[in-house]
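Per-entry structural report
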Amino acid sequence: MTEPRPRPRAVLAMASRTARQVLDDRALARLTRLTDLDAGLVLDDFTTPAAQHALADAELLITGWGCAPVDRPALDAAPRLRAIVHTAGTVRNHITDACWERGLAISSAAAANAVPVAEYTLAMILLANKRVLDIARDYRAERRRVDWNERYPGAGNYRRTVGILSASVIGRRVIELLRPHDLDILLYDPFVTAEEARELGARLVPPAELFATSDVVSVHTPLLPETRGLVSRELLATMPTGATLINTARGAIVDQPALTDEVVAGRLYAVLDVTEPEVLPADSPLYDSDHALITPHIAGSKSGELGRLADLAIGEVERYVHGRPFAHPVRPEILDRSA
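Residues numbered from 1 in each chain as written. Predicted model: local features only at pLDDT ≥ 70, side-chain atom pairs only at ≥ 80, totals over all residues. Heavy atoms only, no water.

The protein chain appears in an unreviewed UniProt entry as Hydroxyacid dehydrogenase from Streptomyces lonegramiae. Under the UniProt heading Sequence similarities (unreviewed entry), the entry covering the protein chain gives this text: "Belongs to the D-isomer specific 2-hydroxyacid dehydrogenase family." (UniProt positions renumbered as here; feature names shortened; annotations may be inferred.)

This part takes up the side chain of R131. With respect to the element layout, R131 can be found in the loop between α6 (110–130) and α7 (132–142). One buried charged residue, R131, forms no salt bridge at all, with the nearest opposite charge on D134 at 4.0 Å. Of note is the side chain of R131, whose polar atom sits 2.3 Å from the backbone oxygen of G242. Setting aside anything within four residues of it in sequence, one finds R131 in contact with Y152, A155, G242, A243, T244 and Y269. (Helix = DSSP H or I, 4+ residues; strand = E, 2+ residues; numbered from the N terminus. Buried < 20%, exposed > 50% of the residue type's maximum accessible area, 1.4 Å probe, protein only. Lys, Arg positive; Asp, Glu negative; His and termini not counted. Salt bridge = Lys/Arg side-chain N within 4 Å of Asp/Glu carboxyl O. Polar contact = N/O pair within 3.5 Å; in protein donor to acceptor, adjacent residues only side chain to side chain. Contact = heavy atoms within 4.5 Å.)

The parallel open sheet is built from five strands, whose spatial order is β2-β1-β3-β4-β5. Of all strands in the sheet, those bounded by a partner on one side alone are β2 (36–43) and β5 (105–108). If you compare each strand with its neighbour and ignore which way they point, the axes differ by 20 degrees on average. Relative to β5, strand β4 (residues 83–86) is paired through four bridges, and the arrangement is parallel. (Pairing = 2+ DSSP bridges. Axes fitted to C-alpha atoms, helices over the stretch in contact; angles between N-to-C directions.)

With that settled, the discussion passes to the state of the cysteines. Taken as a whole and judged by the stated rule, the model has zero disulfides. In this structure C67 is not part of a disulfide, and its nearest cysteine sulfur, from C99, lies 8.9 Å away. C99 gets classed as buried once you look at its relative accessible area, which sits at 0%. (Disulfide = S-S within 2.5 Å.)

Now for the pattern of salt bridges. In total, this model carries 16 salt bridges according to the counting rule given. Here D311 makes a salt bridge to R26, at a shortest N to O gap of 3.1 Å. Note that D311 is positioned in helix α14 (residues 306–321) and R26 in helix α2 (residues 25–34), a separation of 285 residues in sequence. For D290, the salt bridge goes to R137, with nearest N and O atoms at 3.8 Å. One end of the pair, D290, is in the loop between β11 (269–272) and β12 (292–294); the other, R137, is in helix α7, and 153 residues separate them in sequence.

Now for the UniProt feature "domain: D-isomer specific 2-hydroxyacid dehydrogenase catalytic" (unreviewed entry) in the protein chain. The residues that UniProt annotates with the feature "domain: D-isomer specific 2-hydroxyacid dehydrogenase catalytic" (unreviewed entry) are residues 53–330. Annotated as 38% helix and 15% strand, the span residues 53–330 places its first and last C-alpha atoms 27 Å apart.

Below, the structure written as structure tokens:
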């Protein structure tokens, strides 16, 4: 009779606060059934004696926000390490070239984190085209019956054009959520063909056309050296007056001063969950602008949604334990064009 495979030794590597927030008692119980895990040990530094001792027998790292870089010294301390399961999105902050050289299998919960970002984006697109914030502000100030059709001609979502910048995991999810609505969807992504765009439900166009013809442009490209400042002053200037730019990706993708000028002038609207810098200076005119909605990076998974990340990650741990490949692998060959 074949002996059952022993449970792999797993170690949590993330900020302690992350572990408390993402991995509740139910999640930890599931992990301890699947693996040999000390649920009370959370590593945020691989150089301590306790970390070195834990890494010596670790076959699986379960990582999260606040994980230290898994560099060559960390890997030298973990000779049995075979896989890393990340309970969040991007792995850029902790996965190093040494991990790929070791041949580690790596998984990410990016698909789970994409869900709330896409939902937030869908809501903001529909609200922006409906001019909900403008009308609510005016109604609060005037408190009387107004012909809103006359004041905001063209408000609404029927046959409006939405431009999606990048068919990333989140960008694709946004397009999927937009399909049931009577919207024309444009896409710019240099790695997608026109046929692939059609299959997604969008029409592939160059960036100049996307910005010049969209009522709303939503940014979903990863921040890479070549995408920094991609949404330039020139592109912003071509957007139709009254159009809205939504950014839930990274602030540095957008020329922040140029966008600020357009918004303060009252020509464009902006819905910004991310900015450059991440917290705008206290005197930024965007805070007080009626044409800007600024939120503090909340589009991604928040408190009640963190369980989705844990569930996906634990599903990947279960696949690993049973010898199956990850359902959500991270591959080195696409890291140079993904978040």
